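The lines below spell out each chain.
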2 protein chains.
Amino acid sequence: MAGEGLHFKSADFEAWESRYRANFFNSLGGYKSFNLLISRNSEGVLNAAPFFSVQHIGSNPPLLSLIFRPHTVERHSLENFRASGLATINAVSAEIVDQAHQAAAKYPREVSELEAVGLNAVQRDFSIPFLKESHLGIGLQWVSEQKIHANNTLMVVASILEVHLNKPEALLNDGFIEQHRLNTVSVNGLDTYYLPKPLKRLAYPESNSKPKEKAWPKKN
Amino acid sequence: MAGEGLHFKSADFEAWESRYRANFFNSLGGYKSFNLLISRNSEGVLNAAPFFSVQHIGSNPPLLSLIFRPHTVERHSLENFRASGLATINAVSAEIVDQAHQAAAKYPREVSELEAVGLNAVQRDFSIPFLKESHLGIGLQWVSEQKIHANNTLMVVASILEVHLNKPEALLNDGFIEQHRLNTVSVNGLDTYYLPKPLKRLAYPESNSKPKEKAWPKKN
């Protein structure tokens, strides 16, 4: 590989134009999840913001994290979520990827992104509505925030209070949710969407045996 | 959706068997990236650990984060990375997904997972080797660690010192890296691997216009 491939160092990164640099580093680490966060402000206006940064933090108790960048439109979501303590996270499927992407546009605070982009909220037995068009909704409670001092981004940790799954056939009998049955998209970079296709499941790795495929379990 | 789909609450989560719960919550947030972290201990033994938690934190300066769970084999990587200040992150492609998954097995500290699973290190002009079989390697420098108090996981922030890409054709002229040309896999849950297929690129969203597709730019 040495000599054949491309090799970039810090001096190259600094010389790049900012949009080039953003595309490069946003695509470097690999595929990301794509979810829409719904929150509500004190005037009752629903805010919807696309997130590429939902991350699993723990299963017991169930926790996830979100990264908020400084000075972006996501700040409305941050302020709402912090103030009310509740929000929902909604999986984005291929059918609504255009609308969910559009929700990142800079709308005024009094405008609901959901209405602006043509998506709908549905009220369930949770204070904040879910995205009607999503197959998988998660009800969140604010736990904590901590600053990442290296660049002033903020990590918010939230606990998972409830889950709505509108396609029961996507839940396998070992607890795994087949996101490909929900048509959930993945994203890389800032604007490039993918549809993942199942490759294989692998058995729990043991040091005294070779990797082996795991039977894809039955539907629940 | 109400009444048709599945609805789970905290009491359900607590009643689940632990492996079911782990599968459920690890697959809930959507698709994740899959990378192998290589570090070196003070005796010179290379450690390799699979990570589903590489996350983009910023582009200028270029930063990423890794989540380390308490009491897992990843702790060898954590100790090595913390002590030496350097590590590499290597994209996992479909060709080596079995070996990369196997690297999560519990090997003794004096055993190099790379040798144990049949992968190879390649030394470049960086203190820590890269994964020879990977098409995309990232040289990292330790920046900081912070505990996530909700469950004692640790987030490590690292800065990106260099990047090696052995397929120049995967880098578009706007800086975006087409991971699908590298055959990079995505993972969901704990053991289920996917190959993402390109769906679409969307233009930067503006509040006064409709979502539109972006031309897929030329190769670099």
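Quantities reported herein were computed from a predicted structural model and do not represent experimental measurements.

## What to know about the overall build of chain A
Logical step 1: Looking only at helices and strands, chain A has five helices and 13 strands in total.
Logical step 2: Contacts in chain A between residues far apart in sequence, at least 24 positions, make up 59% of those at least 6 positions apart.
Logical step 3: Of the side-chain charges in chain A, 23 are positive and 22 negative, and the distance between the mean point of each set is 6 Å.

## Focus: the environment of B:S144
Residues and elements named next belong to chain B.
Logical step 1: Its location among the elements puts S144 in strand β10 (residues 136-148).
Logical step 2: On a C-alpha basis, the gap between S144 and S65 in space is 9.6 Å, while along the polypeptide they are 79 residues apart.
Logical step 3: Setting aside its immediate chain neighbours within four residues, S144 contacts M155, V156 and V157.

## Some details on the confidence of the model for chain A
Logical step 1: Summing up the model confidence of chain A, the mean pLDDT is 94 and the portion of residues at 70 or higher is 95%.
Logical step 2: Reported confidence for the predicted complex is 0.96 by ipTM and 0.95 by pTM.

## Some remarks on the sheet that holds strand β12 (residues 186-188) of chain A
Logical step 1: Taken together, the six strands give an open sheet; going across it, the order is β2(A)-β12(A)-β13(A)-β13(B)-β12(B)-β2(B), and neighbouring strands pair in antiparallel fashion. The sheet is open, and its two edges are formed by β2 (32-33) of chain A together with β2 (32-33) of chain B, each paired on a single side.
Logical step 2: Note: β12(A) against strand β13 (residues 192-201) of chain A, three bridges, orientation antiparallel. Directly across from A:N188, in β13(A), lies its bridge partner A:T192.

## Quick notes on helix α2 (residues 18-28) of chain A
Because each turn of an α-helix spans 3.6 residues, side chains separated by three or four positions end up pointing in the same direction.
Residues and elements named next belong to chain A.
Logical step 1: By the criterion of burial, α2 is predominantly enclosed, with nine of the 11 residues buried.
Logical step 2: Considered for burial, the residues of α2 that qualify are Y20, R21, A22, N23, F24, F25, N26, S27 and L28.
Logical step 3: The N-terminus of α2 is capped by E17, whose side-chain oxygen sits 2.9 Å from the backbone nitrogen of R19.

## Considering the packing of aromatic side chains
Logical step 1: What the rule picks out here adds up to 32 aromatic pairs over all chains.
Logical step 2: An angle of 85° between the planes, with centres 5.1 Å apart, marks the rings of B:F81 and B:W142 as edge-to-face. Taken together, the residues span a long stretch of sequence, with B:F81 in helix α3 (residues 74-84) and B:W142 in strand β10 at a distance of 61 residues.
Logical step 3: For B:F81, a relative accessible area of 0% puts it in the buried group.
Logical step 4: Of the aromatic side chains, those joined through ring pairs into one cluster are A:F8, A:F13, A:W16, A:Y20, A:F24 and A:F25.
Logical step 5: In this structure, A:R201 is placed above the aromatic ring of A:F176, and the distance from its NZ or CZ to the ring centre is 4.5 Å.

## A look at the relation of the copies chain B and chain A
Logical step 1: Superposition of chain B onto chain A requires a rotation of 180° combined with a translation of 0.0 Å along the rotation axis, giving an RMSD of 0.0 Å. Taken together, the rotation and translation relating the two chain copies correspond to the operation of a two-fold axis. The rotation axis passes nearest to the C-alpha of B:P196 in chain B, at a distance of 1.8 Å.
Logical step 2: Take the interface residues of chain B: 99% of them recur as interface residues in chain A, which is what a same-surface contact looks like.

## Re the pattern of salt bridges
Logical step 1: Applying the stated criterion across every chain, the model contains 20 salt bridges over all chains.
Logical step 2: A salt bridge links B:E79 to B:R109, with the nearest nitrogen and oxygen atoms 3.5 Å apart. In this pair, B:E79 sits in helix α3 while B:R109 sits in the loop between α4 (97-102) and α5 (113-117), placing the two residues 30 residues apart along the sequence.
Logical step 3: For B:E79, a relative accessible area of 39% translates into the label partly exposed.
Logical step 4: Taking relative accessible area as the criterion, B:R109 reaches 32% and is therefore assigned partly exposed.
Logical step 5: Among the charged side chains, a salt-bridge network with shared partners connects A:D174, A:R201, A:K214 and B:D191.

## A word on unusual backbone geometry
Logical step 1: Cis geometry is found at the peptide bond from A:N60 to A:P61, where omega equals 5°.
Logical step 2: Relative to the helices and strands, A:P61 resides in the loop between β5 (55-59) and β6 (62-68).
Logical step 3: Positive phi outside glycine occurs at B:N152, with the angle close to 60°.
Logical step 4: Following the sequence through the fold, B:N152 ends up in the loop between β10 and β11 (153-165).
Logical step 5: Overall, B:N152 belongs to the partly exposed group, its relative accessible area being 41%.
Logical step 6: Positioned with a positive phi, B:N183 is a non-glycine residue whose angle comes to about 65°.

## Considering the pairing of strand β7 (residues 86-91) of chain B
All names here are of chain B.
Logical step 1: Taking burial as the measure, the six residues of β7 include six buried ones, the bulk of the element.
Logical step 2: Where burial is concerned, the two faces of β7 agree: the one with L86, T88 and N90 and the one with A87, I89 and A91 are both buried.
Logical step 3: Judged from the four bridges that link them, strand β3 (residues 35-40) and β7 form a sheet pairing that is antiparallel. Bridged to L36 within β7 is N90.
Logical step 4: As defined by bridge partners, β7 adjoins β10 across five bridges and the pair is classed as antiparallel. Looking at the pairing, L86 lines up with Q141 of β10.

## What about the interface of chain B and chain A?
Logical step 1: The interface is formed by 108 residues belonging to chain B together with 107 residues belonging to chain A.
Logical step 2: Between chain B and chain A the total buried area reaches about 9,500 Å² when both faces are included, carbon and sulfur atoms providing 59% of it.
Logical step 3: Where chain B packs against chain A, one counts 10 salt bridges.
Logical step 4: The residue B:D98 makes a salt bridge to A:K200 at a minimum N-O spacing of 2.7 Å.
Logical step 5: Inspection of the chain B/chain A interface yields 66 residue pairs in polar contact (both at pLDDT 80 or more).
Logical step 6: A per-class count over the side of chain B that touches chain A returns 50 nonpolar, 37 polar and 21 charged.
Logical step 7: Across nine bridges, β13(A) lies against strand β13 (residues 192-201) of chain B in antiparallel orientation. Bridge assignment links A:P198 to a residue of β13(B), and that residue is B:Y194.

Conventions used here
- Residues numbered from 1 in each chain as written.
- Chains lettered and ligands numbered in written order.
- Predicted model: local features only at pLDDT ≥ 70, side-chain atom pairs only at ≥ 80, totals over all residues.
- Heavy atoms only, no water.
- Helix = DSSP H or I, 4+ residues; strand = E, 2+ residues; numbered from the N terminus.
- Contact = heavy atoms within 4.5 Å.
- Lys, Arg positive; Asp, Glu negative; His and termini not counted.
- Charge placed at Lys NZ, Arg CZ, Asp CG, Glu CD.
- pLDDT = per-residue confidence, 0-100.
- Pairing = 2+ DSSP bridges.
- Buried < 20%, exposed > 50% of the residue type's maximum accessible area, 1.4 Å probe, protein only.
- Polar contact = N/O pair within 3.5 Å; in protein donor to acceptor, adjacent residues only side chain to side chain.
- Phe/Tyr/Trp six-rings, centres within 6.5 Å; stacked < 30°, edge-to-face > 60°.
- Lys NZ or Arg CZ within 6 Å of the ring centre and 35° of its normal.
- Least-squares fit on C-alpha atoms with pLDDT ≥ 70 in both.
- Salt bridge = Lys/Arg side-chain N within 4 Å of Asp/Glu carboxyl O.
- Buried area = accessible area lost by both parts, 1.4 Å probe.
- Nonpolar A, V, L, I, M, F, W, Y, C, P; charged D, E, K, R; others polar.

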